[in-house]
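# Observations on the model geometry
Here is what each chain is made of, one letter per residue.
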Amino acid sequence: MPEALRRIGLVLAAPALAFVFALVVASLVLQISGSNSIDTYRTMLENGSRLETMVDMLNRATPLYIAGIAAAIGFRMNLFNIGIEGQYFLGAYAAAIVGAEVSLPGPLHVALICATAIGVSAAYAGIAAVLKVYRGVNEVVATIMLNFIAIGGIIAATFPHVIDRSGNNATNAGTKQIDESGWIPDLNGVVEIFTRDIGRGRQLTGVLVIAVLVGVLFSVWINRTRLGYDLRASGMNPLAARAGGVPPARMVLFAMIASGAVAGLIGMPEILSDNHSYDQGFVGGLGFGGLGVALLGRNSAGGIAFAAILFGFLDSSSAVLQVSGQASQSIVVIMQATILLAAVVAYEVVNRYRQRDEIQRAAMAAEVSA
Amino acid sequence: MAPAIELVGITKRFPGVVANDDVNLTVEAGEIHAICGENGAGKSTLMKILYGMQPADEGTMRVGGTEVSFSSPTDAIDAGIGMVHQHFMLADQLSVLENVILGAEPVLAGGRIDRRAARAHLEEVGAAYGLAVDPDELIEDLEIGARQRVEIIKVLYRGASILILDEPTAVLVPQEVEELFRNLRELKAAGSTIIFIDHKLQEVLEIADRITVIRRGRTVATVDAGSVTAQDLAELMVGSELPSPESGDTAATDEVLLSVDDLVVLDEDEREVVKNVSFEVFRGEVLGVAGIEGNGQSELIDAIIGTVSPQQGSVDLAGSDVTRASVRARREAGLGYVPEDRHEEGLLLDAPLWENAALGHQTEVPFARGAWIDRAGSRQRTEEIRADFDVRSPNVEVSARALSGGNQQKLIIGREMAAEPRVLVAAHPTRGIDVGAQADVWNQIRAARGEGLATLLFSADLEELIGLSDRIVVMFHGRLVATLDPAEIDARVLGSYMTGAALEGGADDA
Amino acid sequence: MTAVSDPQPSPTLIERYQGLHASLRWMLVALIGLFVVVVVQSISGTELLTAPTTTQTTLRWSIPLLLAGLGGLYSERAGIVNIGLEGMMILGTWCGAWGAIQWGPWGGLLAGMIGGALGGLLHAIATIHFGVDQIVSGVAINVLGPGLTRYLSERVFVGMEGGSQTQSPGVDGLGNITVPFLAGGRIGGWRSPDILGWFDKQDWFFISDLAGVVKGPMINVAYFTLIALGLAVGSAWLLWQTRLGLRLRSAGENPYAGESLGVNIYKYKYIGVVVSGALAGLAGAFIVMELTGIYRGGQTQGRGFIALAALIFGNYRVIGIVIGATLFAYPLGISFADFDGSATRALLLVIALAMGVVATAAIRRERRVDASIAGGIGLIVFVWYLLSDSAPDWLPNTMPYAFVLLVLIFNVQKLRTPKFDGIPYRRGDH
């Protein structure tokens, strides 16, 4: 078998295995619940091929993707930044407040909002990093505690003081609305060049551009720069990295803060293109979602993109399924969890096979040249 | 009387290598039988098969005349075989008693451990064979010699009549080796059969009744200890002259490249583990550091490399003070490092070879250009290392994990040397690699020395130390207690410095 | 040449203290701590810090932490890191509710255990058999837990009375008991004298408070609680006195040692992780049956992670976990009856004082950075205390998490993590 084909096969084997397994499990669950799995899948696919659904899919995938990159930065260093949830909440919260207080020319205003989110989020992540480096506090426990403190403490404490009482917010109490100069335009115009008009008021968030940028920067940075090398080496073997000149404490700090910084952008779709304020309906759960897609995408920019789009598709389908009465919404959640679990197992299995195979081939080559 | 152990036609294959090839071995009851061979000859694999830790691919095994087939160590233990491993299989944070009874615990009703019976039996065994240990002490608080005694008791506790000892003297100094041999003779007098794996010929000749020589996985010969000399054994083991390191002409100059002055290093409990150590390494010189593991060598290395900050004292690299400098700064100033454990500190096992070659040098040309990694440059340099240092691999893209131990070590040495360091710190550079690679490494160090490299060599292999070093210093309890000339060295004298017996008054200042 | 050695100075108070047996030391610390709390109480004019209701509630709320912490103990002692305790607890909440509805309280207890154990089995298979990274697997289980239970709720509870997508019908606990004589419990039909209650009502400084603190856990103690405490004692015995315990611990300390002696390491790792899940599931069942009386999504609120903190704080020993669980549950226990927020505010003063003690200890050990941080936090908290009349309503909820964080930050003991904890093991690797 030609070498290139073999390599591609190995890379795809694991996700393919995982997906098939998840499909089997989901079908079983569907059948037990009395739904017809084939029909359900057909509905999902049909729905998915509609332009409006694709827009919805990408809209959901965008914050998920950013969360995945944030998680991946940590994962590459063997750091588990479970605190992404609290970090992006704080970041968006602060950005919404600051953004509503000023009015600057368009791009500047947007930049300010993003910068605030990134700064606050990174600083909060920095707390956990400092605790780990200087006090040896386990970062998993620390970040979870900080999550609760951020959402249940900091935000809960200050929210009553920043609510906009001018009656602008119809349903949910929230911060002041940001001026239009702080809005990011949608990409409908760009898309409609290639396709028909997007109906039903669906807007493709402009933050998608930011997300793609973040992904590209991450990929280039981690694979091609010295700092990226240091980070990956530290994650693979911290002792060897240290002996190789990589400062361990600085790496941990850097990785956590960088992860937190990217996490700050997770809330941007909502603040910049959707809602333009922080309110009680702010979307949560993206922290864990990010961890999931990062694992699924094996911490690479491209893989995470696929994973985020897949999960975005599944999320988007869940509404349709509910409406059509074919299956319950939660089937999607089960699918996602199963895919994740199956994927990490499959990756390990394929990895072991690949290692064994590599050792064998290297040994044979060594014997030949002996 | 049937022989205690009979191995006939044992064969075991691993990917890319035949570890044991039609091995035949007969051990008589009540004798001390040595198995001799160089690193990588297949001794350990053979013993693992004998002890049930690995199944043989072909061949038969007989214990006391009866054919057996072991599927796990439990079977071997039941057959009366006990193994004392080279790397102790002890749980540090558990007590001696817990380690000894693990897997053979005496129980009362309900699964509760009968501590009284366990303790009694342990003391019985200790008394019968003259091995003294405190059952309640934690393993981590014991010295190496004591830990080995625990390993032996572990085996005797289970009523082993056949003992396998895998390179037991690797971690002992001459005096402790004598103590061990005393114990073994006592065991033999009590009726035990002992299989003794070793590659130090003098020791083998001293203790064994008969010797079997293994080379490249095959049995070469079985001889009586009384009728051979070390030379004979050496020839059998290697098939030709043992490649012992010869000193050659010294290339040492009087330019100091590494200077350590009054260095004090503390451990994590704030105790001094390196006490006022001072020495200099000159250009073109190899300074060997002898000493039992655990006498401060690791901490001294850490302070020189920069992973630990000393409490007091200074480290000078080619004239500039690097005492508080970062590891990276020291690397960039010309410090090379070959770590003691290549897997733990030397390699990124799942990264390709070219990324491993960059480790430690990723801020310099040809591995980096500014803030970017120069992939082409890295690959090029790795190819050069592969060629110059004979690293056997299909290409430079394979993971480091895929290489054999010897090739991994050659890669590490190669990457350090290729960066043209001014000072090289090498810790046990030929540990656990095959003879051929070992000889290659020695040659590389000698060649570099000729070109002006200053090397600080830490090793437990006395032959390596004596053969490569221009001067030897001895570390004991964190201090440098002697400076010796390798040309006039005596193993006993060296050993007594290493154990502190040579110190006036013998006061223990731990 | 040698100087004449000085006569031995008489042992200082600190040295005498250090010479005492460990359990005596803990009791002494507890008594001193209690004294401080009592003083704070009188200053701030609240009675809640040592009221029987507080200790009673603290005990109750510590049980999920205790059970999950014990679960963590079994797993980590066997060498497998288990951060999926939260997910397993969530499974336990759902299964506990469902089991209780179907078969009554005992059914709930068993079902909760089995649900958690299944989660543990999943974690075990992924990490032991397939070698998946232990933290990754734990994260996956934490994602699976809420998703699965939401789906199951939809399927099962929606049709039931009082049930919906996100909650179940109400469930009952196992019942309570009040200790006779000491706390005035019933024996048969007769109401026994309430000795401790009598002391408590006398209002004698410190003695009454002590009586109140001791009485609290004896009133209306749930049988479930007693079971949990029994499990704690039983676990200590199992892990340190039995053959199974030794082998399990050896799997976490050096699996290759056991392997070379014929111990089936895989088996004991599986036992450790599955039991770990079972206990976490039991913790979930406890929450549903004894604390809230109903299953709702999102009930665990990070308690699986607080339990991990208790495990670390307890230095991987049962007694430490018990103390840690009690300590971390205390803020919750106070907030329960604290309607005017005064007790939570008083707790601020306790924390400020504690930070003061930590700062002083740090100064004595010449750790200036520690001292200034502790001192700084203590000062801020103290000022907050002075400036406020009562605690804002978001504080009681956030207090436990901040508490845990503070404890972990200033916890200076030498950790004795099992040596091979978290390191992947494969038979024959050595």
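Only a predicted model underlies this, so the values are computations on that prediction, with no experimental measurement involved.

### A few points about the domain arrangement of chain C
All names here are of chain C. Domain annotation of chain C identifies domain 1 (42-178 + 220-337) and domain 2 (339-413). Centre-to-centre separation of domain 1 and domain 2, based on C-alpha positions: 28 Å. Across the boundary between the two partners, domain 1 contributes 17 residues, which contact 18 residues of domain 2. The set of elements that each furnish at least two residues to the side of domain 1 that touches domain 2 consists of α12 (303-313) and α13 (318-337). Sort the elements by how many residues they give to the side of domain 1 that touches domain 2 and α13 lands first, with 7 residues. Of the residues contributing to the side of domain 1 that touches domain 2, the split by class is 11 nonpolar, 6 polar and no charged.

### So, helix α6 (residues 174-189) of chain B
Residue and element names in this part refer to chain B. Helix length check: α6, at 16 residues, gives a terminal C-alpha distance of 23 Å against a target of 22 Å (1.5 Å per residue), a fit within 8%. Looking at α6, one finds that the buried residues are Glu176, Leu180, Leu184 and Leu187. Taken down its axis, α6 places every buried residue within 80° of arc, on the same side. Turned more than 90 degrees away from the buried face of α6 sit Arg182 and Ala189, all of them exposed. Against the buried residues of α6 lie β3 (32-36), α4 (115-129), α5 (144-157), β7 (162-166), β8 (193-198) and α7 (201-207). Note on α6: the residue one or two positions beyond its end, glycine 191, has a positive phi of about 110°.

### Quick word on the pairing of strand β19 (residues 423-427) of chain B
Residues and elements named next belong to chain B. When you tally the buried positions in β19, you get 5 out of 5 residues, the bulk of the element. Judged by which residues are buried, β19 turns out to be covered on both faces: Val423, Val425 and Ala427 on one side and Leu424 and Ala426 on the other are all buried. By the bridge criterion, 4 bridges tie strand β16 (residues 335-338) to β19 in an arrangement that is parallel. Considered in β19, the bridge of leucine 335 is made with valine 423. Pairing of β19 with strand β20 (residues 454-458) involves 5 bridges; the strand directions are parallel. Its bridge partner being in β20, valine 423 is matched across the sheet by alanine 454. Note that the unit made of β19, helix α15 (residues 435-450) and β20 has a crossover that is right-handed.

### Notes on helix α9 (residues 297-305) of chain B
Most of α9 of chain B is tucked away, with 7 of its 9 residues classed as buried. Phi turns positive one or two residues past the end of α9 of chain B, at glycine 306 of chain B, with a value near 115°.

### Focus on the pairing of β20 of chain B
Residues and elements named next belong to chain B. Along β20, 5 of the 5 residues are buried, which leaves the element largely enclosed by surrounding structure. Burial along β20 is two-sided: Ala454, Leu456 and Phe458 and Thr455 and Leu457, pointing in opposite directions, are all buried. Pairing of strand β13 (residues 286-290) with β20 involves 4 bridges; the strand directions are parallel. Across the sheet, the residue bridging to leucine 287 is leucine 456, located in β20.

### A look at the interface of chain C and chain B
Of the residues lining the interface, 19 residues belong to chain C; the matching set on chain B comes to 23 residues. Within the residue set of the side of chain C that touches chain B, elements represented by two or more residues are α9 (243-253) and α10 (255-260) of chain C. Broken down by element, the side of chain C that touches chain B gets its largest block of residues, 6 residues, from α9 of chain C. For the side of chain C that touches chain B, the class distribution of residues is 6 nonpolar, 8 polar and 5 charged.

### Notes on the environment of arginine 62 of chain B
All names here are of chain B. As for its placement among the helices and strands, arginine 62 is situated in strand β4 (residues 58-63). For the pair arginine 62 and asparagine 99, spaced 37 residues apart in sequence, the C-alpha separation works out to 29 Å. Those residues in contact with arginine 62 that sit more than four places away from it in its chain are Glu6, Glu67 and Val68.

### What about the sheet that holds strand β5 (residues 66-68) of chain B?
Residues and elements named next belong to chain B. With respect to topology, 4 strands assemble into an open sheet ordered β2-β1-β4-β5, the strand pairing being antiparallel. Each of the sheet's edge strands pairs with one partner strand only, and the pair in question is β2 (17-27) and β5. Along the sheet, successive strands turn relative to each other by an average axial angle of 30°, direction set aside. In terms of strand pairing, strand β1 (residues 5-14) meets β4 through 5 bridges, oriented antiparallel. For glutamate 6, the partnering residue across the bridge sits in β4 and is arginine 62.

### Here we look at the interface of chain A and chain C
In this assembly, 35 residues from chain A lie in contact with 33 residues from chain C. Going through the elements one at a time, α5 (106-135), α6 (139-162), α13 (286-296) and α15 (330-369) of chain A are the ones with two or more residues in the side of chain A that touches chain C. Taken together, the residues of the side of chain A that touches chain C break down into 24 nonpolar, 8 polar and 3 charged.

### Brief notes about unusual backbone geometry
With an omega dihedral of 0°, the bond running from valine 365 of chain B to proline 366 of chain B counts as a cis peptide bond. Within the secondary structure, proline 366 of chain B sits in the loop between α12 (353-358) and β17 (368-369). The phi dihedral of asparagine 299 of chain A is positive, around 60°, even though this residue is not glycine. Of note, asparagine 299 of chain A is situated in the loop between α13 and α14 (301-324). Accessibility expressed as a C-beta count within 10 Å gives 21 for asparagine 299 of chain A, which makes it buried. Here aspartate 22 of chain B, not a glycine, exhibits a phi torsion of approximately 55°, which is positive. Its place among the elements puts aspartate 22 of chain B in strand β2. Among the residues examined, aspartate 22 of chain B registers 14 C-beta atoms within 10 Å and is labelled partly exposed.

Basis of the calculations
Residues numbered from 1 in each chain as written. Chains lettered and ligands numbered in written order. Predicted model: local features only at pLDDT ≥ 70, side-chain atom pairs only at ≥ 80, totals over all residues. Domains from an automatic or database assignment. Contact = placed C-beta atoms within 7 Å. Helix = DSSP H or I, 4+ residues; strand = E, 2+ residues; numbered from the N terminus. Nonpolar A, V, L, I, M, F, W, Y, C, P; charged D, E, K, R; others polar. Expected span 1.5 Å × (residues − 1). Buried ≥ 20, exposed ≤ 12 C-beta atoms within 10 Å, placed from the backbone. Arc of directions from axis to C-beta. Pairing = 2+ DSSP bridges. Right-handed = clockwise from strand over helix to strand, strands pointing away. Axes fitted to C-alpha atoms, helices over the stretch in contact; angles between N-to-C directions.

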